[in-house]
Amino acid sequence: MSFISETLRQKIRTRAGNRCEYCLSHQDYMMGRLQIDHIHPLAKGGSNTEDNLCLACELCNQYKWIQTVGVDPQSGETVSLFNPRQQEWINHFTWSTEGTEIIGLTPCGRATISALKLNNNLAVTVRKNWVTAGWHPPN
(Lines give C-alpha, C1' and ligand atoms only; values in the text may rest on other atoms or scores of the structure.)
Protein backbone atom coordinates (compact mmCIF):
# COMPACT_ATOMS: atom_id res chain seq x y z
CA MET A 1 0.00 0.00 0.00
CA SER A 2 1.21 3.48 -0.84
CA PHE A 3 0.93 6.38 1.57
CA ILE A 4 1.23 9.87 0.18
CA SER A 5 0.52 12.74 2.56
CA GLU A 6 -2.24 15.21 1.75
CA THR A 7 0.39 17.98 1.72
CA LEU A 8 2.40 16.18 -0.96
CA ARG A 9 -0.78 15.38 -2.93
CA GLN A 10 -1.69 19.07 -2.94
CA LYS A 11 1.83 20.00 -4.03
CA ILE A 12 1.58 17.57 -6.97
CA ARG A 13 -1.82 19.01 -7.96
CA THR A 14 -0.56 22.57 -7.79
CA ARG A 15 2.61 21.79 -9.72
CA ALA A 16 0.52 20.14 -12.47
CA GLY A 17 -1.94 23.04 -12.62
CA ASN A 18 -4.72 20.54 -11.87
CA ARG A 19 -4.13 18.86 -15.24
CA CYS A 20 -3.30 15.30 -16.15
CA GLU A 21 0.38 15.46 -16.96
CA TYR A 22 0.01 12.98 -19.82
CA CYS A 23 -3.09 14.15 -21.76
CA LEU A 24 -3.46 17.63 -20.17
CA SER A 25 -7.12 17.12 -19.23
CA HIS A 26 -8.12 19.67 -16.57
CA GLN A 27 -9.70 18.66 -13.26
CA ASP A 28 -12.57 21.12 -13.83
CA TYR A 29 -13.74 19.09 -16.84
CA MET A 30 -13.39 15.61 -15.35
CA MET A 31 -16.14 13.72 -13.56
CA GLY A 32 -13.63 11.92 -11.35
CA ARG A 33 -10.77 13.25 -9.29
CA LEU A 34 -7.36 13.28 -10.94
CA GLN A 35 -5.08 10.67 -9.40
CA ILE A 36 -1.51 10.59 -8.17
CA ASP A 37 0.56 8.38 -10.49
CA HIS A 38 3.91 6.78 -9.73
CA ILE A 39 6.02 7.48 -12.83
CA HIS A 40 8.28 4.58 -11.89
CA PRO A 41 5.73 2.19 -10.32
CA LEU A 42 6.12 0.95 -6.76
CA ALA A 43 5.91 -2.60 -8.15
CA LYS A 44 9.11 -1.89 -10.08
CA GLY A 45 10.98 -0.28 -7.20
CA GLY A 46 9.62 3.26 -7.49
CA SER A 47 9.05 5.47 -4.47
CA ASN A 48 6.54 7.91 -3.02
CA THR A 49 8.96 10.81 -3.46
CA GLU A 50 7.92 14.02 -5.14
CA ASP A 51 10.23 13.43 -8.12
CA ASN A 52 8.43 10.14 -8.87
CA LEU A 53 4.86 11.43 -8.65
CA CYS A 54 2.65 13.15 -11.17
CA LEU A 55 -1.03 13.93 -11.67
CA ALA A 56 -2.97 11.68 -14.05
CA CYS A 57 -6.56 11.26 -15.14
CA GLU A 58 -8.14 7.89 -14.51
CA LEU A 59 -7.86 6.78 -18.16
CA CYS A 60 -4.17 7.61 -18.45
CA ASN A 61 -3.41 6.08 -15.07
CA GLN A 62 -5.28 2.87 -15.91
CA TYR A 63 -3.59 2.46 -19.28
CA LYS A 64 -0.15 3.28 -17.88
CA TRP A 65 -0.46 0.87 -14.94
CA ILE A 66 3.11 -0.42 -14.40
CA GLN A 67 4.46 0.41 -17.86
CA THR A 68 7.70 2.38 -18.05
CA VAL A 69 8.58 1.65 -21.68
CA GLY A 70 6.63 1.42 -24.90
CA VAL A 71 7.14 0.81 -28.60
CA ASP A 72 7.44 3.75 -31.00
CA PRO A 73 4.95 2.77 -33.73
CA GLN A 74 7.02 4.62 -36.33
CA SER A 75 10.39 2.94 -35.75
CA GLY A 76 9.44 -0.18 -33.77
CA GLU A 77 12.03 0.84 -31.17
CA THR A 78 11.35 0.25 -27.46
CA VAL A 79 11.80 3.53 -25.58
CA SER A 80 11.07 5.00 -22.15
CA LEU A 81 7.62 6.52 -21.73
CA PHE A 82 7.23 10.25 -21.14
CA ASN A 83 8.40 11.33 -17.68
CA PRO A 84 6.73 14.60 -16.62
CA ARG A 85 9.39 15.19 -13.96
CA GLN A 86 12.29 14.97 -16.40
CA GLN A 87 10.78 16.05 -19.71
CA GLU A 88 8.61 18.87 -21.03
CA TRP A 89 5.30 17.94 -22.68
CA ILE A 90 5.74 20.43 -25.52
CA ASN A 91 9.02 18.79 -26.57
CA HIS A 92 7.35 15.43 -27.15
CA PHE A 93 3.74 16.23 -28.08
CA THR A 94 1.57 18.73 -29.89
CA TRP A 95 -2.15 19.03 -30.67
CA SER A 96 -3.78 18.20 -33.99
CA THR A 97 -5.15 21.16 -35.91
CA GLU A 98 -8.62 20.41 -34.52
CA GLY A 99 -7.23 20.19 -30.99
CA THR A 100 -8.73 16.76 -30.42
CA GLU A 101 -5.77 14.43 -30.87
CA ILE A 102 -2.29 14.40 -29.38
CA ILE A 103 0.48 14.07 -31.95
CA GLY A 104 3.82 12.51 -30.98
CA LEU A 105 6.89 14.52 -32.00
CA THR A 106 9.51 12.06 -30.75
CA PRO A 107 9.87 8.30 -30.28
CA CYS A 108 9.07 8.84 -26.58
CA GLY A 109 5.97 10.86 -27.44
CA ARG A 110 4.68 8.38 -29.99
CA ALA A 111 5.32 5.40 -27.67
CA THR A 112 3.52 7.18 -24.82
CA ILE A 113 0.52 7.99 -27.01
CA SER A 114 0.32 4.34 -28.03
CA ALA A 115 0.92 2.82 -24.57
CA LEU A 116 -1.46 5.14 -22.71
CA LYS A 117 -3.99 5.20 -25.58
CA LEU A 118 -4.04 9.00 -25.38
CA ASN A 119 -6.21 9.24 -28.49
CA ASN A 120 -8.75 6.58 -27.57
CA ASN A 121 -12.30 7.12 -28.87
CA LEU A 122 -13.64 8.39 -25.54
CA ALA A 123 -10.83 10.93 -25.10
CA VAL A 124 -11.20 12.27 -28.64
CA THR A 125 -15.00 12.53 -28.34
CA VAL A 126 -14.75 14.38 -25.04
CA ARG A 127 -12.07 16.72 -26.43
CA LYS A 128 -14.35 17.57 -29.39
CA ASN A 129 -16.95 18.77 -26.90
CA TRP A 130 -14.31 20.71 -24.93
CA VAL A 131 -13.15 22.40 -28.16
CA THR A 132 -16.76 23.37 -28.96
CA ALA A 133 -17.11 24.84 -25.45
CA GLY A 134 -13.85 26.79 -25.88
CA TRP A 135 -12.08 24.87 -23.10
CA HIS A 136 -9.56 23.03 -25.21
CA PRO A 137 -6.79 22.67 -26.24
CA PRO A 138 -4.88 24.11 -23.30
CA ASN A 139 -2.48 26.96 -23.97
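Structure: see above.
This text gives an overview of the structure that appears in the document. (Residues numbered from 1 in each chain as written. Predicted model: local features only at pLDDT ≥ 70, side-chain atom pairs only at ≥ 80, totals over all residues. Heavy atoms only, no water.)

### Observations regarding the overall build of the protein
This is how the line gets drawn: What counts as a helix is a DSSP run of H or I of at least four residues, what counts as a strand is a run of E of at least two, and both are numbered from the N terminus. Remark: exposure states derive from per-residue accessible area (1.4 Å probe, protein chains only) relative to the maximum for the residue type, with buried under 20%, exposed over 50%, and partly exposed in between. Two residues form a contact once any of their heavy atoms are found within 4.5 Å. Note on areas: these come from Shrake-Rupley sampling with a 1.4 Å probe, and a residue is covered only by the protein chains present in the view. Charge assignment in this entry is limited to Lys and Arg as positive and Asp and Glu as negative, and neither His nor the chain termini are counted. To locate a charge, take atom NZ for lysine, CZ for arginine, CG for aspartate or CD for glutamate.
Within the protein, the regular secondary structure consists of 5 helices and 6 strands. Expressed as lengths along the three principal axes of its C-alpha atoms, the size of the protein is roughly 40 × 35 × 25 Å. By the burial criterion, 45% of the 139 residues in the protein qualify as buried. Of all intrachain contacts in the protein linking residues separated by at least 6 positions in sequence, the fraction that spans at least 24 positions is 53%. Of the roughly 7,700 Å² of accessible surface on the protein, a fraction of 52% belongs to carbon and sulfur atoms. Measuring between centres, the 13 positive side-chain charges of the protein sit 3 Å from its 12 negative side-chain charges.

### Here we look at the environment of Lys-64
How we decide: Polar contacts here mean pairs of N or O atoms no more than 3.5 Å apart (in protein, one a potential hydrogen donor and the other a potential acceptor; neighbouring residues in sequence count only if both atoms are side-chain atoms).
Along the chain, Lys-64 falls in helix H2 (residues 58–64). Separated by 60 residues in sequence, Lys-64 and Val-124 have C-alpha atoms that sit 18 Å apart. For Lys-64, the residues in contact, after removing those within four places along its chain, are Tyr-22, Asp-37, His-38, Ile-39, Pro-41 and Leu-116. Side-chain polar atoms of Lys-64 contact the backbone oxygen of His-38, separated by 3.1 Å.

### Description of the environment of Glu-50
As for its placement among the helices and strands, Glu-50 is situated in the loop between strand E1 (35–38) and strand E2 (53–56). Looking at Glu-50, the relative accessible area reads 28%, which means it is partly exposed. Separated by 18 residues in the primary sequence, Glu-50 and Gly-32 place their C-alpha atoms 23 Å from one another. When neighbours within four sequence positions are excluded, Glu-50 is seen to be in contact with Leu-8, Lys-11, Ile-12, Arg-15 and Arg-85.

### Structural notes on the pattern of salt bridges
Applicable threshold: By definition, a salt bridge exists where a carboxyl oxygen of Asp or Glu is found within 4 Å of a side-chain nitrogen of Lys or Arg.
Summed over all chains, the structure comprises 5 salt bridges. Residues Glu-21 and Arg-85 are paired through a salt bridge, measuring 2.7 Å at the closest nitrogen-oxygen approach. In this pair, Glu-21 sits in the loop between helix H1 (6–15) and E1 while Arg-85 sits in the loop between strand E4 (78–80) and helix H3 (89–92), placing the two residues 64 residues apart along the sequence. One salt bridge connects Asp-37 with Lys-64, and the closest N-O pair in it is separated by 3.6 Å. Pair noted here: Asp-37 is in strand E1 and Lys-64 is in helix H2, with a separation of 27 residues, a long-range link. Given the relative accessible area of 3%, Asp-37 is considered buried. Among the residues examined, Lys-64 registers a relative accessible area of 2% and is labelled buried.

### Re the nonpolar core
As a reminder, the rule being used: The definition of a nonpolar core used throughout is a set of buried Ala, Val, Leu, Ile, Met, Phe, Trp, Tyr and Cys residues joined through side-chain atoms within 4.5 Å.
Core analysis: the biggest nonpolar cluster contains 30 residues, and Cys-20, Tyr-22, Cys-60, Ile-102 and Leu-118 have the highest contact counts within it. Elements with a minimum of two residues in this core: H1, E2, strand E5 (93–95) and helix H4 (107–116). Those residues in contact with Leu-118 that lie beyond four places of it in its chain are Tyr-22, Cys-23, Cys-60, Phe-93, Ile-102, Thr-112, Ile-113, Ala-123 and Arg-127.

### Brief notes about H4
Each α-helix turn comprises 3.6 residues. Residues three or four places apart therefore point the same way. By the criterion of burial, H4 is predominantly enclosed, with 8 of the 10 residues buried. Listed in full, the buried residues belonging to H4 are Cys-108, Gly-109, Arg-110, Ala-111, Thr-112, Ile-113, Ala-115 and Leu-116.

It is worth stressing that arrangement in space is one thing and function is another; only the former is reported here.
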